[in-house]
Amino acid sequence: MHTQGAGSRTVARRPSGIPVEPMNSAVQPVAALAPASASPARPSTASVELRVDSLCQWLEPAAPTASVLAVGERFLDAASAPWLSLPVVDDGRPVGSVSRYELMQRVYIKPFGRELYGRRAIASVMHMQPLVIAADATIEEASRTIAARIRQPIMEDFLIVDADGLYVGMGKVLDVLGAMEQRMAAHSHELERAYHQLKSSQAQLVQSEKMASLGQMVAGVAHEINTPLGYVRNNVEMTKESLGELRGLLGAYEQVVDFFADGGDEARLAAHLQELDLRREKFDPASLDDLAGLLDDTVFGVGQISELVGNLKDFSRLDQAHVSRVDVHQLIESALKIGGNLLRKKNVEVVRRFGTVPEIVCSPAQINQVLLNLVTNATQAIDHEQGRITIRTHAVGQYLMIAVEDNGAGIPAEHLARIFDPFFTTKPIGQGTGLGLSICYQIIEQHQGRIRAVSTPGVGTRFFIALPIRGKAEATP
Amino acid sequence: MNDERATVLFVDDEERILRSLRMQFRGRYDVLTAGSGAEAIEVVRGRLVHAVVSDQRMPGMLGAELLSRVRDISPATMRLLLTGYSDMQAIVASVNEGEIFRFIEKPWQPQRLLEAVEQAVQIARRELAVPAPVVVAAAPEGPGIKLLTIDEDPATYALVRELAGVRHDVQYATTLESALAVLSEQEIAIVIAGLKHRSDDVIGALKTLKRYSPGTLTIAVSPLGDSYGLIELINQGQIYRFLPKPLSRELLRRSLQSAIDHYRRIKVAPALAARHAVEEPAASAAEPPATLSARLLGYWRRIRDNGRIQQSA
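Residues numbered from 1 in each chain as written. Chains lettered and ligands numbered in written order. Predicted model: local features only at pLDDT ≥ 70, side-chain atom pairs only at ≥ 80, totals over all residues. Heavy atoms only, no water.

Peer 1: What's the story with the overall build of chain A in this structure? I'm lost.
Peer 2: Within chain A, the secondary structure is distributed over 15 helices and 12 strands. Per-residue burial over chain A gives 43% buried out of 477 residues. Accessible surface computed for chain A: about 26000 Å², of which carbon and sulfur atoms make up 57%. (Helix = DSSP H or I, 4+ residues; strand = E, 2+ residues; numbered from the N terminus. Buried < 20%, exposed > 50% of the residue type's maximum accessible area, 1.4 Å probe, protein only. Areas by Shrake-Rupley, 256 points an atom, 1.4 Å probe, with all protein chains shown as cover.)

Encoded structure:
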């Protein structure tokens, strides 16, 4: 009864132990992670720690001087019925225990046992090293003590003492086992919850990494789009204005032509001619050539914008692991285009050493993400004016190799081993979640490829990717 | 005023932008173009330029830096930024370093750009017509001036008070109304204003203030935030400096010093105040918002009428 009450209390209080805050964790995934990861380490909060006194029941002890027969009678009491053993207490202190089983074995089953031993003091047949457990011990401690001390088969329960070592009641071994089992169930439940929370936190972090790079990308892309949009709009407005002037000029010509067709007085002709002169003066035919040039620029600008938007569309489909046969060089160009703003801002020269390579089967959106990440990292690593990123491709057997090399700051050896670890970052807080490369790693692993890095601090870093040319061995589900 | 055509220099790393702008403006001005900051500096060194319109993001040198260097080479040249992406850093730099006249976003409205450039050219022309303003060697012994701090946060006032020293008078107001009362009665040289206010529209007031009293310099103080509001504060409020909160002591000290110097220069050559002419707000909010009471409107009128420093137009 006690066991169950205590057990259900544990269950009832658990929800307050682990805060479930989906809203908060969406905003600050790292914050949400803390309780989740802390939970397994300290599975149940101290406030609900189950202690031995919760299992304690009063059982009248026997005095060491009590006769064997009197103690034997006690076992027939209803109060003793649930117990395996009776405590023997002298002056409040436990001195032994008498187990039902042993009393049977030693006294009652033996021929003339009752007659031989019945009148002796119980102290002569009791077990002298009873199981004694402090009331404030935890269930875990109790179970450890029991496991270490108990005799097989289990034939006794344990005595419970207070801080002064005085007998306060009995506890059942079986209850301890029950409590432990409940505890284990609760633990595994908590572990499961923690696991799920961790998993969703990681998913959120992956998402927020994506959002962080998206934010950087939007800044760059806004500039990239607004520049052509700027001259496109201006050119269109100027063309519109010129068309207005052209229409006026045409109208003036028409008036003159109409005059000759329909006739009229000369004063009107003079007026028409004067207007025509005015219009001609205002409109420079040479500007038609300029306009043609402006319209060429406009077409070019619109093309640039749609190309950028097309690239964005590719990148917005990051989750779709759609597999197709692609030219890796196109993916590289696309990543350079998207990352282009940062490259230009840092004045980084891009050197392409592309080999003759076959098309490969991969998820283009995911490989795009990997390449963009490598290019962005490489650019960020460069803090001098002679920045250069070299991208090489070549085919080796069944693999296509891509190397992205920068002449930036490099990565110290102690960091290099950890760069693919989730959450490892050397960037200032807020600039990276430390997931970029770990996502790259996952993507390449999923492709059954390999990604490695070598670096020399002060010289630069080179990332290698090897991708199977024919794609993953088994068909994608 | 002047029959000779004014010269306008456009700077952008995208040649199509330059081609388009050249087409748009060649009927009005001598149009020069430069593909980079370095090239632009050479042009400004070599000849008189009335206005420079520069892109912000260019390889080599950012627009804000270019305009700041143009200011040193040719103080009379008006500076405008024409940019496609308004990150906070660029905007703040354009105010504090470039001391720009207008911040225009791409894609621009041709008419608005035309008006801004024309206004800039007119101001430069006027300034160049009068004998070159004596560059007032920042006379450290000049008379003390009056400063007004508007901020609910008393720490701002305390810092301004401390940095202004004993020679300058610093007033303190926590509400717009008390600030206007001070402004209508005294000649305030510099207003240091916290933009975030529980109830009052400080941004709106700064814009209105500049229209009524163009010679008053404003230093806006705010946690970094809405870049849109800041662009309006440049174009319609001509803030002199923008300082992020929490206030950096050194930044505020330098800003106050250059504001004091600049204010003294304007006192000597009032035409300089015209450089801070503001753009009319897009809406018909030319008059103080209707929510302001008649009393506030009265303050504004008094500020305008008292206008000790008016445009010399």
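Peer 1: In this structure, what is going on with the packing of helix α1 (residues 15-25) of chain B against helix α5 (residues 110-129) of chain B? I would like to understand it.
Peer 2: Working note: a packed helix pair is described by the angle between its axes plus the distance between those axes. All names here are of chain B. Here α1 crosses α5 at 70 degrees, and the two axes come no closer than 12 Å. The orientation of α1 with respect to α5, classified from their angle, is roughly perpendicular. Considering only the axes of α1 and α5, their crossing is right-handed. Across the interface between the two elements, Leu21, Gln24 and Phe25 of α1 pack against Pro110, Leu113, Leu114 and Val117 of α5. For the contact of α1 with α5, a count of residues per class yields six nonpolar, one polar and no charged. (Axes fitted to C-alpha atoms, helices over the stretch in contact; angles between N-to-C directions. Parallel < 35°, antiparallel > 145°, perpendicular 65-115°, else oblique. Left-handed = near helix turned anticlockwise from the far one by under 90°. Contact = heavy atoms within 4.5 Å. Nonpolar A, V, L, I, M, F, W, Y, C, P; charged D, E, K, R; others polar.)

Peer 1: What's the story with helix α10 (residues 249-268) of chain B in this structure? I'm lost.
Peer 2: One turn of the α-helix equals 3.6 residues, which is why residues spaced by three or four share an orientation. All names here are of chain B. With 20 residues, α10 should cover 28 Å at 1.5 Å per step; its first-to-last C-alpha distance of 29 Å lies within 8% of that length. Residues of α10 that are buried include every one of Leu252, Ser255, Leu256, Ala259, Ile260, Asp261, His262, Tyr263, Arg264 and Ile266, and no others. Buried-residue contacts for α10 involve β6 (146-150), α6 (154-164), β8 (190-194), β9 (217-222) and β10 (241-244). (Expected span 1.5 Å × (residues − 1).)

Peer 1: Sorry if this is basic, but what is going on with the packing of aromatic side chains here?
Peer 2: Pairs of aromatic rings are described using the distance from one ring centre to the other and the angle between the two planes. Scanning the entire structure with this criterion turns up seven aromatic pairs over all chains. An angle of 20 degrees between the planes, with centres 6.0 Å apart, marks the rings of Phe25 of chain B and Tyr29 of chain B as stacked. With 4.5 Å between their ring centres and 15 degrees between their planes, Tyr157 of chain B and Tyr172 of chain B make a pair best called stacked. With Tyr157 of chain B in helix α6 and Tyr172 of chain B in strand β7 (residues 169-173), this pair connects stretches of sequence that are 15 residues apart. Accessibility expressed as a relative area gives 30% for Tyr172 of chain B, which makes it partly exposed. Taken together through their ring pairs, the aromatic side chains of Phe420, Tyr441 and Phe463 of chain A make up a single cluster. Above the plane of the ring of Phe300 of chain A lies Arg16 of chain B, whose end atom (NZ or CZ) is 3.5 Å from the centre. In this structure, Arg102 of chain B packs its charged tip against the face of Phe101 of chain B, placed 3.9 Å from the ring centre. (Phe/Tyr/Trp six-rings, centres within 6.5 Å; stacked < 30°, edge-to-face > 60°. Lys NZ or Arg CZ within 6 Å of the ring centre and 35° of its normal.)

Peer 1: Would you explain the pattern of salt bridges in this entry?
Peer 2: Should the charged atoms of two oppositely charged side chains come close, the side chains can pair. All names here are of chain A. Using the criterion set out here, one finds 32 salt bridges over all chains in the structure. Residues Arg183 and Glu140 are paired through a salt bridge, measuring 3.5 Å at the closest nitrogen-oxygen approach. Of this pair, Arg183 sits in helix α8 (residues 173-262) while Glu140 sits in helix α7 (residues 139-149), placing them 43 residues apart in sequence. The buried category is assigned to Glu140, whose relative accessible area is 19%. (Salt bridge = Lys/Arg side-chain N within 4 Å of Asp/Glu carboxyl O.)

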